[in-house]
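Coordinate inspection notes
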Amino acid sequence: MARSQSRSRSLLLPICTILAILIHGAHSFYLPGVAPQDFFNGAELTVKVNKLTSIKTQLPYSYYTLPFCTPSKIVDSAENLGEVLRGDRIENSPYTFKMGDAKMCNILCRKVLDAKTAKAFKEKIDDEYRVNMILDNLPLVVPIQRPDQESPPVYQLGYHVGLKGQYSGSKEEKYFIHNHLSFTVRYHKDKQSDSARIVGFEVKPFSVKHAYEGKWSDEKSRLTTCDPHTRQAVVNSNTPQEVEDKAEIIFSYDVEFQESDVKWASRWDAYLLMTDDQIHWFSIVNSLMIVLFLSGMVAMIMLRTLYRDISKYNELETQEEAQEETGWKLVHGDVFRPPSNSDLLCVYVGTGVQFFGMILVTMMFAILGFLSPSNRGGLMTAMLLLWVFMGLFAGYASSRLYKMFKGSEWKKIALRTAVMFPGIVSAIFFVLNALIWGQKSSGAVPFGTMFALVFLWFGISVPLVFVGSYIGSKKPAIEDPVKTNKIPRQIPEQAWYMNPAFSILIGGILPFGAVFIELFFILTSIWLNQFYYIFGFLFLVFAILIVTCAEITIVLCYFQLCSEDYLWWWRSYLTSGSSALYLFLYATFYFFTKLEITKLVSGALYFGYMLIASYAFFVLTGTIGFYACFWFTRLIYSSVKID
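Rules of the game
Residues numbered from 1 in each chain as written. Predicted model: local features only at pLDDT ≥ 70, side-chain atom pairs only at ≥ 80, totals over all residues. Heavy atoms only, no water. Core = buried A, V, L, I, M, F, W, Y, C linked by side-chain atoms within 4.5 Å. Buried < 20%, exposed > 50% of the residue type's maximum accessible area, 1.4 Å probe, protein only. Helix = DSSP H or I, 4+ residues; strand = E, 2+ residues; numbered from the N terminus. Contact = heavy atoms within 4.5 Å. Arc of directions from axis to C-beta. Polar contact = N/O pair within 3.5 Å; in protein donor to acceptor, adjacent residues only side chain to side chain. Phe/Tyr/Trp six-rings, centres within 6.5 Å; stacked < 30°, edge-to-face > 60°. Axes fitted to C-alpha atoms, helices over the stretch in contact; angles between N-to-C directions. Parallel < 35°, antiparallel > 145°, perpendicular 65-115°, else oblique. Nonpolar A, V, L, I, M, F, W, Y, C, P; charged D, E, K, R; others polar.

Under the annotation held in an unreviewed UniProt entry, the protein carries the name Transmembrane 9 superfamily member and is attributed to Salix purpurea.

1. A look at the nonpolar core
Among the nonpolar cores identified, the biggest contains 87 residues, and Leu561, Trp568, Trp569, Tyr606, Phe626 and Tyr637 are the most heavily contacted of them. Among the elements that line this core, the one with the most residues is helix 16 (residues 600-639), at 17 residues. Residues in contact with Leu561, not counting those within four places in the same chain, are Gly327, Trp328, Val331, Val335, Tyr566, Trp568, Thr633, Ile636 and Tyr637.

2. A word on helix 11 (residues 500-507)
Taken residue by residue, helix 11 has Ser503, Ile504 and Gly507 as its buried positions. Taken down its axis, helix 11 places every buried residue within 100 degrees of arc, on the same side. Contact partners of the buried residues in helix 11: helix 12 (509-527), helix 13 (535-562) and helix 14 (569-577). Two or three places before Ala501, at the opening of helix 11, Asn499 has a side-chain oxygen 3.0 Å from that residue's backbone nitrogen.

3. Here we look at the packing of aromatic side chains
Applying the stated rule across the entire model yields 50 aromatic pairs. Plain terms: the ring middles of Phe356 and Phe542 are 5.7 Å apart, the flat faces sit at 35 degrees to each other, and that makes the pair tilted. Remark: Phe542 occurs in helix 13 and Phe356 occurs in helix 6 (residues 342-367); sequence separation between them is 186 residues. Residue classification places Phe356 among the partly exposed residues on the basis of a relative accessible area of 28%. The class for Phe542 is buried, based on a relative accessible area of 6%. Here Phe365 and Phe370 contribute two aromatic rings whose centre-to-centre distance is 5.6 Å and whose plane-to-plane angle is 75 degrees, an arrangement assigned as edge-to-face. The exposure class assigned to Phe370 is partly exposed, which follows from its relative accessible area of 35%.

4. Some details on the packing of helix 9 (residues 410-438) against helix 16
Relative to each other, helix 9 and helix 16 sit at 170 degrees, their axes nearing to 10 Å. Our classification of the angle between helix 9 and helix 16 gives roughly antiparallel. Of the residues in helix 16, those touching helix 9 at Met420, Phe421, Ile424, Val425, Ile428, Phe429, Leu432, Leu435 and Ile436 are Val601, Ala604, Leu605, Gly608, Tyr609, Leu611, Ile612, Tyr615, Ala616 and Val619. Residues of the contact of helix 9 with helix 16, tallied by class, amount to 18 nonpolar, one polar and no charged.

Dropping the structure here:
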């Protein structure tokens, strides 16, 4: 038993090593556009505040929507397109740190709540909102110790606004605010220049009902609950600060500086530690093994069967034998007959090519480290811009297919390719954005950004689609390997398992099976506010998805042609595209089992965005399946002698 275990481990080791190189390759050099900043003792450190987030509502809010302490003037930081779409609102804060200058019990401000502000705090505590801050481009985290003390802590992004609880001996639930923050800034010191680089930004939040001597004065008041002069620090929340009408809240903070061995280039590694990394590793390797095994089996069956078929057909010498032929060769005169709604198929294939190009180039950039979490909003900005520029290939692909179907109005196809998919997505997005506006959330896209998106679409994407279509229309039409008969052949009655609906639904299971494990981690990063950075894994899964979509479509297309059904065009697209249905069903399952969303608007947002994602997945996988089947049919019909 021990021997077999060690053998399986030795087999997994090289695979894991290759994956690790792919995944961590980007960590060994400085990321483009993200240069380290050196601080000397006494240098001012700028702490910025970001949006308030909640995994219960999925609606971000600007930090200053709650009556926290404010600086003398609130200044917005410039955000990129991706940050605005994510709902990031980065602003300055009243927290002032100086490098190496530890502070204890620093008073920030005093607030007296009224009924309205107390209600606002209670609502955010109810919905488990977290406060997000940034120092030197590092997000603020709360370290949470794992059950086994030896393991490194898990980091939670941002600290909770407050918590609910009861006083001992009372059953009434009260709301308490985290009004004292104990910051820890970790830095790596350069021994030669005596400068330091920030490598960690942590906080421990406390709820403390502060007391002070005499009457309150902003500058002269001295707290009795914590005092830097007597070295009395806040270490627990035994006397918490309640949130209620007319409550007096004093906001305070400590800051300490700790030297760290972590180098600047590796400072994100601790943030990206996954709590269930082992499960992730082995489930991905499992998925790889199963899918590669299936792919091998499918390829073997196809090669053997096809080789036998083509040899048999080419050996038919007499006219009698030729008349008695059965199977896929019988439909050679109809197999390349243009399908019904061929224009729509051209549009969807073009859109799929656009998507494929966008995802492929995005993953290349991500693996090279250009789109790391330190580059906030970079991933979304890159995807949007790449989508726009890939319009050139969308126009070319749809125009080439349209010309093969003997179409002559390439401008009409170009317009539909440029407008249809983005139009449907924009309509859903606009409705969702209106819902977010209604909630006064910072996640609502401002009109300026809306205008920028419309400009990208109509100013750049649409013209590029037309350019691509024009180039495609000028190319000679793709010739069919066999001639098409004038009169369509009658399709014989099909067996129940060859029913289009059944075979299409069966076809989507395998591609979905290839990605569903990775899908869990992607959904967790999006909806549970965690980082997703393992683009090496994602690239491998994407490669597996391409192979699986292609193979399952080819197999089912072959069976379909063998049963003398030549209507393969749309079915090849829908066979692999049906995996999007399983993706949406899985997203529904995830919603009810993993998320705690209770608000109707938040539920609508989740299902709206997952509908867009599923639609995009349908277009992508459908196009992969279509091109695989297109290549396959042309290959087999050009390989046989047809009189």
